[in-house]
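Residue-level structural notes
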Amino acid sequence: MYLLLGALLFPLVLILALALGAIFLLAFRCRGLMKRLRLDLRQKDRVVAAMVEIQRPFPRFIESAADAILLHDLEGNILNVNESVCELLGYTRMELLGMAFSELDKKWDAHKGQSMVEALRKRQSATEEQDWCSKHGGEVPVEVKSSLLENDEGTLLLVFARDVSSRRDLETWLKRREDTLLQEVGESKGKLKRYMEKAESMLEALCLSEERLELVAIGARVGIWDTDCQTLEVYWSAGFSVMLGYEDGEITDDFAFFDNALHDEDRETVLGMLQRHMNNTGMPFDVEGRLQRKNGDYRWYRITGQAQWGGDGRPLRLAGGITDIQEKKDFELAIIEAKEAALTAAKARGEFLANMSHEIRTPMTAILGFTDLLEDPGISQDEFKDRVQTIRRNGEHLLSLINDILDISKLEAGKMNVERVDCSLKDLVGEVLTLMQVRAQGKGVSLVPEFLGEIPERIQSDPTRIRQILMNLVGNALKFTERGEVKIRVHCPGRVADGDVADGDVADGDVADGDTLRFEVEDTGIGIPADRVESLFESFTQADSSTTRKFGGTGLGLTICKRLAILLDGDILVESEEGRGSCFTFALNLMGMSGLRFVDEASDTSMTEVATRESQVTKPIKGKKKFLLGARVLLAEDGPDNQRLIRFQLEKVGAEVEVAENGLVAYEAALEAQRQGQGFDLILMDMQMPEMDGYTATGKLREEGYEGPIIALTAHAMSGDRDKCIAAGCDDYATKPLVRKVFYETLRRHFIQPEEAVSSPRG
């Protein structure tokens, strides 16, 4: 039984073994095939990459060459051609690429290609005449010069072809002429010899021209020159003459002209490169230098050339060209200057950022530090008040820093707009004096207003920007003045004190040509070094870094003033003497302002009296302490701290306050109160809130017919923010951080006391 079972299993085991062996053999052969396939693919990739690289357009000087230049491999596949090949044979470039060279040269085959390779390896180049086939079936006689190109990817043939149809025609003509002469003069060998000599002379001239063109193809660019190295006679092309500003033929045909035209600083470099090239050292003659034009100016040129040496190694000829590269040099210089300017600007901005970090951290340190001190339970009332004032003072300083940064960003972005409204010159100067007098008294410096001659009573300009400029100039003067005085002088140079105009009579309301209003801020401070005056109005700079360290500031104030003055059709000038003080003049052009009324300070002392009175330290005039008594106010504000602060300020003047934490809650609360007949007297709407912002909430309320006053609250202080709020439906606009006096005045404008109202504003 076991024998029977073994007899049955043996064929199965044998078949299984054979099958496994076949599978193994097949796997082994597949592995070999895959390996060879990968090698073939890699080789193919290299070949394809090489073909792509070769078939790129030739360099510009080959593409523009008069000779037809063609590149093919040993199998005769055309890999690249220049435009002259297409013009010679009538094919397009795409038709020629990949075409077999044997379609052009019927005598070409692979055997001939291999023979040429062997011959070229011995002789370096080969020249012969061939008849190529054009696209239209005709034959084009060409003189062909072939050379080898060998690299890691294989061996290629570079073919230079020149149309010799004209030369063949000449030879044919000479042959016919020879036959004619033989027929006419018979055995007149003398006459035939003269014709032959003439023909040979023509051929020699043609060969010379061909050699010259071949050298120029290597070295020439635009202006062409060709020098005989034995006689130093030089051929200058017409283009060369034009580039140097001369008429054709006006330049002397000797090398001395070139030597004399070279700039003294470039002569050694150019002639040294030329000498090394002529010594056949392998150094190319390609150098940049300045040449003098006919008008005496120097311009930069790229000078290139290629020499031809004799059998004894001595140079026979040198030909080449020049290219005007002045624009390139100007561009390089501009890049260098721009780089230096960028480095300077980067340095200034780096110093500015370091200074800003100090300027911001300094008041923040005081604010946070004195806030902590307020928690001390043992402080007296006077100490508490002093610390609160310190916090306020540093907060105001921090706000001024932020305003400077916002202003300079708006100015640099071209987003700063100025108004043209009627404003009182007397009030402008008085407000500046009032605001700056406290600082002046704190330093023990006199702040003196002075009006000279006829002054416009009112002008058409932007009072906010004029006030900003004057505040900055006066603030700078006080900062850098330890003792003495700061004087604000206002006058029109074109008008004298007796009412007459310096350059002719001008009636009231008219403006003389050139009339300007000048605000001069003169101090007795430290002055400015003469070499620092020019940089005063550059962004992020002060007179020097020690000024920033000693006196503080962002270095943006004068930059802002200068640009604002220009926007107002004016300018800021400065005169200073180190150690003696400075005088900054803000000159405002009066041309274009109509209806001006000039008053003379000598006869109308109201301006001086008001300015002097305003310059005294006075307490703000207080109105009713509870001017919002009985008013219902809806405060839409998402910040808890701001809610507490604003609510406290409102309740202090008698208001009943309801708080909404976002725009959606405010919108719903306002409509619900109106439906119940208990509408709010005022809505204070923060414009940046979650759920629904103030712009959307205000717009939806106006769409629902809500007519009560809505005042926008926003921390945005950029140009156009007020207009955006008003366009959304708000009646007024208050900027955070809220200045209590300004905030109360804004509220007062929009709340009518019940006893003053004829009818309810809520309807």
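In this report, we go over the structure that sits alongside the text. (Residues numbered from 1 in each chain as written. Predicted model: local features only at pLDDT ≥ 70, side-chain atom pairs only at ≥ 80, totals over all residues. Heavy atoms only, no water.)

Examining the overall build of the protein chain
Looking only at helices and strands, one finds 22 helices and 24 strands in the protein chain. In the protein chain, which comprises 763 residues, the share counted as buried stands at 40%. By sequence separation, contacts in the protein chain at least 24 residues apart represent 63% of the contacts at least 6 residues apart. Entry remark: accessible area of the protein chain is about 44,300 Å², with carbon and sulfur atoms responsible for 54%. (Helix = DSSP H or I, 4+ residues; strand = E, 2+ residues; numbered from the N terminus. Buried < 20%, exposed > 50% of the residue type's maximum accessible area, 1.4 Å probe, protein only. Contact = heavy atoms within 4.5 Å. Areas by Shrake-Rupley, 256 points an atom, 1.4 Å probe, with all protein chains shown as cover.)

Brief notes about the side chain of Thr714
Among the secondary structure elements, Thr714 is positioned in strand 23 (residues 710-714). Apart from the residues within four sequence positions on either side, Thr714 is in contact with Asp686, Met687, Tyr733, Ala734, Thr735 and Lys736.

Looking at helix 10 (residues 264-278)
With 15 residues, helix 10 ought to run about 21 Å at 1.5 Å a step, and its terminal C-alpha atoms sit 21 Å apart, in line with that. Within the sequence span of helix 10, burial applies to Asp266, Val270, Met273, Leu274, His277 and Met278. Relative to the axis of helix 10, the buried residues are bounded by an arc of 135° and lie together on one face. Set apart from the buried face of helix 10 by more than 90 degrees, the exposed residues are Asp264 and Glu268. For helix 10, the elements touching its buried residues are helix 9 (255-261), strand 8 (285-292), strand 9 (298-309) and strand 10 (315-324). (Expected span 1.5 Å × (residues − 1). Arc of directions from axis to C-beta.)

Details of a negative patch on the surface
Taken together, Asp376, Asp382, Glu383 and Asp386 make up a surface patch of like negative charges. Positionally, Asp376 belongs in the loop between helix 11 (326-374) and helix 12 (381-412). (Patch = residues over 30% accessible without salt bridge, like charges linked within 9 Å, V, L, I, M, F, W, Y side chains within 5 Å. Salt bridge = Lys/Arg side-chain N within 4 Å of Asp/Glu carboxyl O. Lys, Arg positive; Asp, Glu negative; His and termini not counted. Charge placed at Lys NZ, Arg CZ, Asp CG, Glu CD.)

Notes on the sheet that holds strand 10
One open sheet accounts for five strands, arranged 7-6-10-9-8; its pairing is antiparallel. Across the chains shown, the open sheet's two edge strands, defined by having one partner strand only, are strand 7 (234-236) and strand 8. Shown here is a sheet whose adjacent strand axes are inclined to one another by a mean of 25°, direction ignored. Where strand 8 meets strand 9, eight bridges bridge the pair, whose relative direction is antiparallel. (Pairing = 2+ DSSP bridges. Axes fitted to C-alpha atoms, helices over the stretch in contact; angles between N-to-C directions.)

Observations regarding helix 21 (residues 721-728)
All buried positions along helix 21 are accounted for by Asp721, Cys725 and Ala728. For helix 21, the angular spread of the buried residues around the axis is 60°, confining them to a single face. Facing away from the buried surface of helix 21 by more than 90 degrees, the exposed residues are Asp723 and Ala727. The inward-facing, buried residues of helix 21 contact helix 20 (694-703), strand 23 and strand 24 (732-735). Positive backbone phi, at 120°, marks Gly729, one or two positions downstream of helix 21.

Examining the side chain of Asp462
Tracing the sequence through the fold places Asp462 in the loop between strand 14 (458-461) and helix 14 (463-479). Although buried, Asp462 forms no salt bridge, and the nearest oppositely charged side chain, Arg465, lies 4.4 Å from it. In this structure the side chain of Asp462 is engaged in a polar contact, spanning 2.8 Å, whose partner is the backbone nitrogen of Glu419. When residues no more than four places from it in sequence are discounted, the contact partners of Asp462 are Asn417, Val418, Glu419 and Leu568. (Polar contact = N/O pair within 3.5 Å; in protein donor to acceptor, adjacent residues only side chain to side chain.)

Here's the deal with the environment of Leu373
Along the chain, the position of Leu373 falls in helix 11. A relative accessible area of 35% places Leu373 in the partly exposed class. Here the alpha-carbon distance between Leu373 and Val388, two residues 15 residues apart in the chain, equals 9.8 Å. Aside from chain neighbours lying at most four places away, what touches Leu373 is Ile379 and Arg387.

Focus on the nonpolar core
In this structure, Ile469, Val490, Leu517 and Phe586 are the most contacted members of the largest nonpolar core, which totals 49 residues. Contacts of Leu517, omitting those with residues within four sequence positions, involve Leu425, Pro456, Ile459, Val490, His491, Cys492, Phe586, Ala587, Leu588 and Leu590. Membership of the second largest hydrophobic core comes to 26 residues, among which are Leu89, Tyr91, Leu96 and Ala126. (Core = buried A, V, L, I, M, F, W, Y, C linked by side-chain atoms within 4.5 Å.)

Remarks on the packing of aromatic side chains
Here the structure, examined in full by the defined rule, presents nine aromatic pairs. Between Phe627 and Tyr744 the ring centres are 5.6 Å apart and the planes differ by 70°, which places this aromatic pair in the edge-to-face class. With Phe627 in the loop between helix 17 (606-614) and strand 20 (632-636) and Tyr744 in helix 22 (residues 740-750), this pair connects stretches of sequence that are 117 residues apart. Residue Tyr744 is classed as buried on the basis of its relative accessible area, which comes to 13%. In this structure an aromatic cluster arises from ring pairing among Phe101, Trp108 and Trp132. Looking at Lys329, its charged tip hangs above the ring of Trp300, at a distance of 4.4 Å from the centre. Sitting over the face of the ring of Phe627, Arg748 holds its NZ or CZ atom 4.4 Å from the ring centroid. (Phe/Tyr/Trp six-rings, centres within 6.5 Å; stacked < 30°, edge-to-face > 60°. Lys NZ or Arg CZ within 6 Å of the ring centre and 35° of its normal.)

Some remarks on the environment of Glu327
When you line up the elements, Glu327 lands in helix 11. Here the alpha-carbon distance between Glu327 and Trp300, two residues 27 residues apart in the chain, equals 8.6 Å.

Quick look at the packing of helix 14 against helix 16 (residues 557-567)
At a minimum axis separation of 10 Å, helix 14 and helix 16 run at an interaxial angle of 145°. Judged by the twist between their axes, the crossing of helix 14 over helix 16 is left-handed. Facing helix 14, whose interface residues are Arg465, Gln468, Ile469, Asn472, Leu473 and Asn476, helix 16 presents Gly557, Leu558, Ile560, Cys561, Leu564 and Ala565. When grouped by side-chain class, the residues that make up the contact of helix 14 with helix 16 number seven nonpolar, four polar and one charged. (Left-handed = near helix turned anticlockwise from the far one by under 90°. Nonpolar A, V, L, I, M, F, W, Y, C, P; charged D, E, K, R; others polar.)

So, the sheet that holds strand 18 (residues 581-589)
Here five strands make up an open sheet; going across it, the order is 12-15-16-18-17 and the pairing mixed. Looking along the sheet, the strands with just one partner apiece sit at the ends: strand 12 (446-452) and strand 17 (570-577). Going from strand to strand, the sheet's axes swing by 15° on average, the running direction of each strand aside. Note: strand 12 against strand 15 (residues 485-491), seven bridges, orientation parallel. Paired with Ser446 across the bridge in strand 15 is Glu485. Across the sheet, helix 16 is in contact with strand 17 and strand 18; its angle to strand 17 comes to roughly 140°.

Things to note about unusual backbone geometry
Despite not being glycine, Leu232 shows a phi value in the positive range, around 60°. For Leu232, the location among the structural elements is in the loop between strand 6 (223-228) and strand 7. On the basis of relative accessible area, Leu232 is assigned to the partly exposed category, the value being 44%. Even without a glycine there, the phi angle at Glu691 is positive, about 65°. Among the secondary structure elements, Glu691 is positioned in the loop between strand 22 (682-686) and helix 20. Among the residues examined, Glu691 registers a relative accessible area of 67% and is labelled exposed.

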